[in-house]
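# A structural walkthrough
Take a look at the letters that make up each chain.
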Amino acid sequence: MKRREFLKKAAVTTAAAGAALSFGAPAVHAKKRYLWKMVTTWPPHFPVMGEAADMLAKWVETMSDGRLKIQVYGGGELVPPLQTFDAVSGGMVEMGHGAAYYWAGKSPATQFFAAVPFGMNAQQMNAWIYAGDGQKLWDEVYASFNLKPMPAGNTGVQMGGWFNKEINSINDFKGLKMRIPGLGGKVLAKAGGTAVLSAGGEIYTNLERGVIDATEWVGPYHDYLMGFYKVAKYYYYPGWHEPGTVLEMFVNKKAFESLPKDLQEIIITAAYRSNLWMLSTFEAKNNYYLNKLINEHGVKLKQFPQPVLKQLKKYSEEVLVEIVEKDPLSKKVYENFLAFKKNVVAWANISEIAYAKTLNL
């Protein structure tokens, strides 16, 4: 009798549970889905940078099993390229993709999270952001704009730029109109030039029409794709102004914090993957395309003279002092940056730098 009563009760319980599921009781696997927008500073599907934004969105969708879908808009498709920051900050869209030095007009401290002239390379910037205080400070700088930033790419050491005249002395920068953003542009101004900030999609036309006399961009692979060899003669190195430029993905802070924790982690993880993918792509392809530029298109590869670099470094130090004296937040960030750089370069001197000297033995 007891056994029959137990089986009867079990059957009733099972039937009730099935009925609950059939008549609309919430299933465990039913989770909210999100459709977000990302705007970028790059033209639509721009090689490497735009591709990275596209792939990041795809990775997020895949890892979230479709719970978070991101529609990517290139610069100008939804908002102008250099209004990306405001669009995400104001909540018009949820995500943005660009480079932190584009927003120096919002806060001068933003520039330290992209590139500092004669600063740290890509490996060292990653170390500062991921394993030092970089991310914490970056969050602090962007918090007042309702943004959550994170690294989403790196160009590695850039080239020094494209010129239509040789740079033999520091005086050759006087009167030069050059497309160069961030702190590098302020250094150029110290040398007597004029820094011009323009989005990537506008540079070729500006150089071709003489709106600018010179431009820096990234490195051989991407510069080849941009076609700068058609409108400029001399290709200079090294990229003193951008030794390891971090590209960023930033999220509207309120939107980010409204997500479930697993989706937040998925976004962060996709940005990590994007950061590694971009740097690896440039490292893999730069030398091949440098040879194409030289051997197939007659580009003249030139190294900045040491006296020029020495003077540019002096101007860089002056620019940085002027910024941190006027802005307490920049001072806080830069002092931390500088301390980390001193430590990491000391190690590099007996590791990376020492090893690099053996490669051509």
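What you see is a predicted model, and the numbers here were worked out from it, not measured in a lab. (Residues numbered from 1 in each chain as written. Predicted model: local features only at pLDDT ≥ 70, side-chain atom pairs only at ≥ 80, totals over all residues. Heavy atoms only, no water.)

### Here we look at the pairing of strand 4 (residues 147-154)
Of all the eight residues making up strand 4, eight are buried; the element is thus mostly covered by neighbouring parts of the structure. Examined bridge by bridge, strand 4 and strand 10 (residues 246-252) share seven bridges and lie antiparallel to one another. When the bridges of strand 10 are listed, M150 appears paired with M249. (Buried < 20%, exposed > 50% of the residue type's maximum accessible area, 1.4 Å probe, protein only. Helix = DSSP H or I, 4+ residues; strand = E, 2+ residues; numbered from the N terminus. Pairing = 2+ DSSP bridges.)

### Comments concerning the pattern of salt bridges
Summed over all chains, the structure comprises 12 salt bridges. The closest approach of N and O atoms between K332 and E140, which form a salt bridge, is 2.9 Å. With K332 in helix 12 (residues 328-349) and E140 in helix 5 (residues 134-143), the pair connects residues that are 192 residues apart, well separated along the chain. For E140, a relative accessible area of 36% gives the class partly exposed. For the salt bridge of E296 with K292, the shortest nitrogen-to-oxygen distance reads 3.2 Å. With E296 and K292 both in helix 10 (residues 261-297) and four residues apart, this pair spans about one turn of that helix. (Salt bridge = Lys/Arg side-chain N within 4 Å of Asp/Glu carboxyl O.)

### Some thoughts on the sheet that holds strand 10
Pairing within the open sheet is mixed, and its five strands lie in the order 2-1-3-10-4. Unpaired on one side and paired on the other, strand 2 (68-73) and strand 4 mark the two borders of the sheet. Each neighbouring strand pair of the sheet contributes to a mean axis angle of 25°, computed without reference to strand direction. Here three bridges tie strand 1 (residues 34-40) to strand 3 (residues 95-98), and the two strands are oriented parallel to one another. Bridge assignment links V39 to a residue of strand 3, and that residue is G96. Sheet contacts for helix 2 (residues 49-63): strand 1, strand 2, strand 3, strand 4 and strand 10; angle to strand 2, the most-contacted strand, approximately 165°. With respect to the sheet, helix 10 is in contact with strand 1, strand 2, strand 3, strand 4 and strand 10, its orientation differing from that of strand 4 by roughly 30°. (Axes fitted to C-alpha atoms, helices over the stretch in contact; angles between N-to-C directions. Contact = heavy atoms within 4.5 Å.)

### Quick look at the sheet that holds strand 5 (residues 161-163)
Pairing is mixed in the open sheet, where six strands are placed in the order 7-6-8-5-9-11. Across the chains shown, the open sheet's two edge strands, defined by having one partner strand only, are strand 7 (194-196) and strand 11 (300-303). When strand 9 (residues 234-237) meets strand 11, the two strands line up parallel, connected through four bridges. Considered in strand 11, the bridge of Y234 is made with K300.

### Regarding the packing of aromatic side chains
A complete count under the given rule lists 30 aromatic pairs for this structure. Measuring from ring centre to ring centre gives 5.0 Å for Y288 and Y289, while their planes differ by 80°; the resulting arrangement is edge-to-face. Using a relative accessible area of 17% as the deciding quantity, one classes Y289 as buried. (Phe/Tyr/Trp six-rings, centres within 6.5 Å; stacked < 30°, edge-to-face > 60°.)

### Quick look at the packing of helix 2 against helix 10
At their nearest, the axes of helix 2 and helix 10 sit 9 Å apart, and the two run at 145° to each other. For the element pair helix 2 and helix 10, the recorded crossing hand is right-handed. Residue-level inspection shows M49, E51, A52, M55, L56, W59, V60 and M63 of helix 2 in contact with helix 10, the latter providing I266, I267, T269, A270, A271, R273, S274, W277, M278 and F282. Its residues assigned to classes, the contact of helix 2 with helix 10 comprises 14 nonpolar, two polar and two charged. (Left-handed = near helix turned anticlockwise from the far one by under 90°. Nonpolar A, V, L, I, M, F, W, Y, C, P; charged D, E, K, R; others polar.)

### With respect to the confidence of the model for the protein
Close reading of the predicted structure is inappropriate where its pLDDT is low. Confidence in the prediction for the protein averages 92 pLDDT; 92% of positions are at 70 or higher. Low pLDDT, under 50, characterises residues 9-29; the predicted model gives this stretch one contact beyond four residues in sequence or across chains. (pLDDT = per-residue confidence, 0-100.)

### Looking at unusual backbone geometry
In the segment running from Y237 into P238, the intervening peptide bond is cis, with an omega of 0°. Relative to the helices and strands, P238 resides in the loop between strand 9 and strand 10. One non-glycine residue, D65, lies in positive phi territory at about 55°. Assignment of secondary structure puts D65 in the loop between helix 2 and strand 2. Not every positive phi belongs to a glycine, and F118 is a case in point at roughly 55°. For F118, the location among the structural elements is in the loop between strand 3 and helix 4 (122-131).

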